[in-house]
Amino acid sequence: MDFPMEAQSPPETSAAVVMEVEELPENEVGGEMEVLTARVKSLMDKITENSDNPSPILINAISTILESLESRYTNDQGQSSTFSSILGNAGRIMELIKENDAFFQLISSKILTDRRYSVSAKAATARLVFSCLPSWLYKLEDDVLDIIGGWVMDETTPDTLELETLRTYSIGALSRVFTLCLVCDSEPAERFLTSGLPAKLMQILRIEVLCAASSTSEPKDSLSKVGNKDITDLVKESARAAESEARAAKSSEADIRAAGVAAAEVIKTTAFEEYRKTNDENAAAYAAYKVASTLIDAFNAVALSRYLNYFEGDWDHSNPEIDEDVGKFFFVDADSLSKLREKFCIQSLVCLLILWKDVDFLDSLLHEKAVDVCLALVQKCVGTDDGSNDYKLFWHDILKLVCELTEHEKFMVLFLDNGGLQKLLAGPRIPRSFHCLSSFLCTVTRVQSTMRSFCALPSSVIRQVVELVFEILESEHEYYIARADVSSFLTSAFGYRAVLDAFDAHDGVEKLLNYLHHSASVTSGASTPLTYRQTQTAHETCAALHQYIRTHLLLFVDSILSVSSREPYKPINASDEAFDSLFRQIRKDEKLGATFVYCRWPAVFRFIRSNGHITLLELCQASQLTRTLQGSLQYIIEVLRIMTLIRCIRKDIINATLSNGRAGIAVVLDVINTPTNLEPEIVEPALHVLINLVCPPPFIPEDGYKDRAINDMEQGCCLARESISENNGIKILLRLLESRIVSSQADLVRRRVLTCRVLLGLAKENSIARTLSKLELARKLLEINRDLGGKSSGVDEQNRWHAELDQLTIELISVTTNSGCTSTVAADAFTPPLRRIEKAAIVEATPITYNPRELLVLIHGHLEASGLPESAAIVSKEAKLTDFQSSKEHIDQLPCGRTPSGFFPDKSEGSSSSNHKHPVSRKNEPSTLPKIIIKLKDTPRKSKSLESEEAPPLIIRTPESDGESDTEIFRPKKRKLTHSNEIGSEKRLTLDSVMVEYLKLQHSKCSAPITTLPALSLLHPHACPEPRQTLDAPTNMTARLRACEVVGTAYGGIDVSRKDRRFVYSRFRHRETLYDKADKSCLTSIAFLEDPTRVAACGFSRKLKFFDLSSTTVCESSVCHTSDVTHLHSRSRLLLSSTSNEVCLWDGSSFAAHTFEGVKAARFDSQGTLFAALPSDSSSHEILLFDVQTLNLNTSLVDDTDSRVIRHENPYCEIHFGPLRYMLLWEGVLWDYRSARPIHRFQEFTDLGGGGFHPAGNEVIINSEVCDLRNFKILRTVPSLHQTTIKFNSGGDVIYAILRRDRSDFKSAVHPRRMKHNLFSAFRTLDALNYTDIATIPIERCVLDFATEPTDSFVGLIAMDNDGDMKGSLARIYDVGERNNPIDGNCDLQFNRNRNWNRNQNRNRNRDAEYDLHTVELDEDEEESEGNDYEETVNEDEEYESGSDLSLNIYRSEDEDN
């Protein structure tokens, strides 16, 4: 067999030594090692004693022991490396040698450098040094390396076995030195490079490989067969043994070849003679085997005797101790040395090519026929696999050499052109070699010229390469680097048509998806995540799949556009820029866009049939759960974006359900919702996926499939909108719209444009449009536009995105404000406040009609004034205008561009008709118009489409008409929002449209326009009716009281109660400060009892303290818990105190308590007969209800109806009971606890913290959204309630709000971002009837908790004593409806503190406002605009992000001025 081994020897000697070591039982290995150790020590002592003339036999004996132990370890482990020997028992021998300083110095330096020593001793020492180098882990001395290098570089041909041995192991020693340099990250001496060592090694390798191949290149026919038995191996072995023996005898090259031929002829002749005699092929083969064995044994015996003659003078046969210590050793014959030189040369070249990767010495290697050498080495291993470990190692070394050489483009091209790839594919498929093969394939794709040579190969070869790729991907062995490399190869090779066709021929996409599916299942289902190598492989596989889909898209577009097919060897431009251009072309090209609506794309259908979309969504989800596949997310989302371009594929993605029951849309939304995914490369493709799902395509096919395609698209879009809405998509998109976490301004604009596109597509659903209107999307868009500060001054691309954002903003404002179309009114209202937009929307939605005969009167007068009396007479006659008064006097009054009051203004000086009196209104003018009959004209019904629907025209008929002169008035179209490219299109100008626009302009000037109008007059100015007197209650408090005294409270005017509430609940006076002088620990919670003079508070002291308001002292204190108290809640005389793991129920009259273990965050119901609590285990999402009377668990509420929802603990969510005792709300889920299942799950528009039931019973507040309990629709958004905890007063008409906090983490109360919020040291009051702000009251310190009192006379709160050290907090009591008395001693201090606080708030908001001692009610004029101010939405990822609080309303009251 033609491959090198670590140690090759004649069977008689080597086998004996190896068996002597290996055949021992496991329990005897330790004893055997003691024997070997003692033998090595004895040999070292003998060598040291005779250091001037050491015996090569003794040195070889030590080498024999080391090589045998190393060989056994290698065979046991199935692998080999430079350091494999030091891991087994051989390492112990090497350490023993290193510890003997005298022996170590002798063999590592003295023998090798001193010329006095014989060649035999140097050869034996080089062999031992080679074996010991891995354990020494250091470089040899420079002079030693120079000598070893000199033996390698010697140009003379070794003529003895000693010299061959010396050169062979010198090369081996250098290979291990270079390997140590790789491990230690150091470079060998540069002199090896300048001396031409790489070329010399290649020369030696060339001589060994090519010359040996030529000497044994006899045709196979000459070796012949005996029947069906092939005796070629026997002939080769015999010839090789004969040549080795002749070479050892210093024969000439001709004699060496003749010896090999003669031996081969002997074997063949013997076999043929036996076959001729017996006609038995088995007998002939056996005869050849016996002769071959005899010849090989004879040749080896001669070689052995010749080898021993070299040491004849050193061998003392009479000394039995020496024989006992030496034991059985083996020598290395010439043939084995040749194989070892091949191996050592290959290993040395590989190391040098890696170490000197930047140095180009390829030309010197090519001069030594490096390509031919590599091809011959590869060919040598083809078809000769015997399964041995040595064969596998040799094949692996050859592949490593080929891979390193193919890093050079010139070598790669020559290697491919000479059939190197075919030879590699024909070689053995050993799993260990997969890495080298995959690395070779990756190198092919790096340079376009090599890839062109690769694609020029026969298609059968390319198919074999694809089969190899699949074999590596599907291998059971964990060679993840090889899998990642072949995936990277596919990513680059998919740019060529030849590889793409071969890949499809093997159903490649299914196999890629199978591997990705396995990765997704391991990531999401297993307890251990993917390793780094597995993650890298999955990443490269996703990249390959992404490139596969992109390339197929380009080819598919070429087929649609009838572009000529691409050449197999030419690359396809699949760059990001090319695809951006392609996507724009799909949007703008009518033919291409319409084809995408209903076309069939074979590659995508194969993808869907293999559940590829499910696999990619699973990977998306896995990347969110473990973050191990985060780098692959971009490729996954890009593939989904391409998939959603096809109409018939969208439903599959919309209806996709993952293994855990989650919807596919929810996973895409998670990608957008994750802060770490806000890079443009991830979030923009995800938004494009949503755009493709919710927005109809810009073009519709004009053929028989039109109606069906439209219906399918509408159905798919409706499903997508519904799915997005159900999975909190509106909340996610709004938060993304407001987020400013971007790398550049251009990225921010692009992201907002795409988000607006998605919202515009969602707004086509009426219910979602109403929801967006309630969430005040229009106001958010206006603020965003102001933040951007107008169009960019950058390049045209940025200006294009800015212009599109402006256009989309106008469209969304038009839709959400119910204006019905994107007109100039909405565009004009783009910058002003929302009130102007709403007024414009009312005007736009008002149908405008007029009397057509009045228009004819105007035309008649215009013709007369223009000097066309005959034409005027014809108009008057045909239109029968005889009943109208002469139009001459009206024409004199026709308006010009400067007339402000319509067609007929009041008479002014200089008027030609001074006697004319213009009527003030149409009611005062006697009607001289004929009766007009209006009816609808029947029109054929048309199929639904995305275009505008035209209303049937009006038929106007007068009694004088005979039906033939009926006048048709075409009413305005019912406008539907169309695609953005239709906006701005020119409209046909008609006289009717001019009149309608004129009348609409008059209507827009009304102070209070209405939507229902009669036919307007063209002859008289228009004005909407206004109330003749106001019924509003006086703004001044004194005037309201006087009115109530005179006419009674019920007749004091409209909004008396509201204005009284604003007056009372804008005034709070500090009454008392409560604290325990004996215990100054922090208080965290407060509650009032049934007796308003009793206040309960607790905190870090774990004591429940009852304060008496009259004395401000602690009247009762009791240790209630073993940990810090987080919640207090009272109902009548009962009280609940909660910690993180227990709840205590107190009787306020007797101070008796009962403890409930394993629960937290308890709250009473509205009647005080039940209380609800949460389990201490946050993973258990359930509500526990306890009976107050029996103290037993009443029921447990578990929401398991929607397994798609991934639930995480929300520290801001508390349990809320409704005014009807059976209603319950927690984490956005509404319950009737008489039923085991929830009633409804509210959509998560912002988050689920804060809020509660409105005492009126019909509304529920979730964070800042107010929802109707009757239909579960959102009613309005109250920005002032965002991120707050609320409480109602006892009357239910006032809301108190404080900034919420995580009660389980006290330090979060003073988080830096939280401290920037304007409610950090204040509380807010709001009118609970219309949710308008009343006031914001500063408290100076961080507010931790708030409590209301049953009589609404006091409020209590917990405020920190010092925000910095967090060492104390106090309970404060405030009187409701009272102001500080100026006579009070601390009035000036309180005044200054409040004034400073107000100034700081004013500076932060950059707004001009006036402040007084306390916040008071709004002026009457300001009340209308207070709803337009709102608090900036804070990103959840930056929970307490600072910003201007436009909802903070601190104004001066009008009654103070009076």
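Keep in mind that what you see is a predicted model, and the values were worked out from it rather than measured. (Residues numbered from 1 in each chain as written. Predicted model: local features only at pLDDT ≥ 70, side-chain atom pairs only at ≥ 80, totals over all residues. Heavy atoms only, no water.)

A.B. asks: Before we go on, may I ask you to explain the overall build of the protein in this structure?
C.D. replies: Across its full length, the protein carries 54 helices and 33 strands. Residues classed as buried in the protein amount to 53% of the 1458 residues present. Restricting the contact set of the protein to residue pairs at least 6 apart, pairs at least 24 apart contribute 65%. (Helix = DSSP H or I, 4+ residues; strand = E, 2+ residues; numbered from the N terminus. Buried < 20%, exposed > 50% of the residue type's maximum accessible area, 1.4 Å probe, protein only. Contact = heavy atoms within 4.5 Å.)

A.B. asks: Help me understand the side chain of Thr406 in this model?
C.D. replies: Along the chain, Thr406 turns up in the loop between helix 19 (389-405) and helix 20 (409-417). We classify Thr406 as buried; its relative accessible area is 2%. Polar side-chain contacts of Thr406 include one of 2.8 Å to the backbone oxygen of Cys403. Every residue in contact with Thr406, bar those within four places of it in the chain, is listed here: Phe411, Met412, Phe440 and Thr443. (Polar contact = N/O pair within 3.5 Å; in protein donor to acceptor, adjacent residues only side chain to side chain.)

A.B. asks: Quick question: what am I supposed to make of the sheet that holds strand 28 (residues 1294-1299) here?
C.D. replies: The strands making up a sheet are joined through hydrogen bonds of the backbone, oriented either antiparallel or parallel. The 4 strands lie next to each other as 27-28-29-30, forming an open sheet whose pairing is antiparallel. Each edge of the open sheet carries a strand with a single partner, namely strand 27 (1284-1288) and strand 30 (1333-1338). For this sheet, the mean inter-axis angle between neighbouring strands, taken without regard to orientation, is 25°. With 4 bridges joining them, strand 28 and strand 29 (residues 1322-1327) adopt antiparallel strand pairing. (Pairing = 2+ DSSP bridges. Axes fitted to C-alpha atoms, helices over the stretch in contact; angles between N-to-C directions.)

A.B. asks: Please clarify how helix 25 (residues 480-493) should be interpreted in this entry.
C.D. replies: One turn of the α-helix equals 3.6 residues, which is why residues spaced by three or four share an orientation. With 14 residues, helix 25 ought to run about 20 Å at 1.5 Å a step, and its terminal C-alpha atoms sit 20 Å apart, in line with that. Most of helix 25 is tucked away: 11 of the 14 residues are buried. Taken as a whole, helix 25 has its buried residues at Tyr480, Ala482, Arg483, Ala484, Asp485, Val486, Ser487, Phe489, Leu490, Thr491 and Ala493. (Expected span 1.5 Å × (residues − 1).)

A.B. asks: Can you walk me through helix 46 (residues 869-879) in this structure?
C.D. replies: Ala872, Ser876 and Ala879 are the residues of helix 46 that are buried. All buried residues of helix 46 lie within an arc of 85° about the axis, which places them on one face of the element. Structural note: helix 46 exposes Glu870, Lys877 and Glu878 on the side pointing more than 90 degrees away from its buried face. Summarising the contacts, the buried residues of helix 46 are in contact with helix 45 (852-865). Immediately downstream of helix 46, the backbone of Lys880 shows phi near 55°, a positive value. (Arc of directions from axis to C-beta.)

A.B. asks: For this particular structure, what's the right way to read the confidence of the model for the protein?
C.D. replies: Detailed reading of the predicted coordinates is not advisable wherever pLDDT falls low. Confidence in the prediction for the protein averages 75 pLDDT; 74% of positions are at 70 or higher. Scored below 50 in pLDDT, residues 216-223 shows 9 contacts in the model against residues more than four places distant or in partner chains. In the model, residues 820-825 has pLDDT below 50 throughout and makes 12 contacts with residues more than four positions away in sequence or in other chains. (pLDDT = per-residue confidence, 0-100.)

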